[in-house]
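Remarks on the overall topology
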Amino acid sequence: MNQIICIIDLPQDLLRVRNLITVTMRKNYILPFCSIVLILVFQTTATKELLIGNSSYSSDQITEANIKTRETDFLKSTSGSSSNSSASSQGTANDIFGTKKIYPTREGGREWYINMDDPRSDGIFFITSDANITRQVDGSWRVNNPNVRLNVDTPENMAPWRDIEITGYAKVVGTVPIHGNILANTDDFDLNWLARGGRHTSEAPCEGSALTAILDINGTVGWKKEIWFPGGYADERDRDKVVTDPLFNRWIGFKAIMYNTNNNTNVKMESYVDNRNTNYWVQVTNLTDTGNWYAISPDSEFNSADCGRPKNYVITNGGSIVTFRSDNIVWDFKNLSVREIQAR
């Protein structure tokens, strides 16, 4: 009897006992049998993801694939391949998490991506007061503290962060009581992405400058400027309620962008929201500081820090620390990033 051996290497979700299936049968049945097996192979999730990841194929060319890009990207983001020390998205429309860029990364520019397996492992990411974070079943991390400061430092011998795009996804799951809570520094309930400063401490007040993009849990956005800490705040600008649906128990993306213009004399600020966690970003603020944005503290208080800056100081300088901040909320975070951008 003429026999032929057909050995087929299958994806893991078709393997049961052995990695290889050996089929022995009559020669005149081998073609239809192998055809059936190949059909089964191409119906597995692993094979579909492999093909979609190949630039030679599009999702339209793979029948009944039913794989959503965002879901695939999230699986990649939690796979441990997001080490910020080596990852780069130079020349691509999306970052390493699959999140759309508003502006491209500057040629040779620095990119930082949170390590979703172990955020603190890179020596760049640190949390003020070493607040505890806990891993969630979906791979995100939860923080429960009145004053959360998730910080991204500047590596040694590198220029501070300046013209940048700050991105993060958040899911608000609760609030922290503030009445009678001595740890609560403010009565705000919001998320803030901020940069262009360093430590915020009374021992080094002039380091504490910042441009801060705001997303309140009531859906209000805006920007704050801080010329020095804590007495150099300007009034909030570009404030508007743009998100009407409650932010609780759902993912929302938030971007803060800042870059110098007019020969480094002005600063452009923009913020964007991905309201449905679909990677569809909508611009919600657009503000330029040309020198008409003044600190609101009295002259005596403002000048007491002796920073040598006017009350309308335009923060064109870079800063060593980028911060993902929250006040008085419990929230999950994922896919945080900071990129140096080419905005002009």
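Note that the structure is a prediction, hence the values are computed from the model and not measured.

Brief notes about the packing of aromatic side chains
Within this structure, the stated rule accounts for eight aromatic pairs. For the pair Tyr169 and Trp281, a centre-to-centre distance of 5.7 Å together with 65° between the ring planes defines the contact as edge-to-face. Here Trp281 lies in the loop between strand S13 (266-274) and strand S14 (282-289) and Tyr169 lies in strand S7 (residues 164-175), a separation of 112 residues in the sequence. With a centroid separation of 5.7 Å and 55° between ring planes, the pair formed by Trp331 and Phe333 is classed as tilted. The residues Trp331 and Phe333 share a single accessibility class, namely buried. Among the aromatic residues, those joined into a cluster by ring pairs are Trp193, Phe254, Phe324, Trp331 and Phe333. The ring of Trp251 has Lys334 lying over it, and the distance from NZ or CZ to the ring centre is 4.4 Å.

A short note on the pairing of S13
With nine of nine residues buried, S13 is to be regarded as a mostly interior element. Alternating positions in S13 separate into two faces, Asn266, Lys268, Glu270, Tyr272 and Asp274 on one and Val267, Met269, Ser271 and Val273 on the other, with burial throughout. Counting the residues that bridge the hairpin from strand S12 (residues 251-261) to S13 gives four residues, and of these Asn262 lies at a positive phi of roughly 50°. As judged from the seven bridges shared by S13 and S14, these two strands associate in the antiparallel manner. Looking at S14, one finds that Lys268 is bridged to Thr288.

Some thoughts on unusual backbone geometry
Cis peptide bonds are those with omega within 30 degrees of zero, and the linkage from Phe229 to Pro230 qualifies with 0°. As for its placement among the helices and strands, Pro230 is situated in the loop between strand S10 (220-226) and strand S11 (237-241). Here Ser129, not a glycine, exhibits a phi torsion of approximately 65°, which is positive. You will see that Asp238, though not glycine, has its phi angle at about 55°, which is positive.

About the thresholds
Residues numbered from 1 in each chain as written. Predicted model: local features only at pLDDT ≥ 70, side-chain atom pairs only at ≥ 80, totals over all residues. Heavy atoms only, no water. Phe/Tyr/Trp six-rings, centres within 6.5 Å; stacked < 30°, edge-to-face > 60°. Helix = DSSP H or I, 4+ residues; strand = E, 2+ residues; numbered from the N terminus. Buried < 20%, exposed > 50% of the residue type's maximum accessible area, 1.4 Å probe, protein only. Lys NZ or Arg CZ within 6 Å of the ring centre and 35° of its normal. Pairing = 2+ DSSP bridges.

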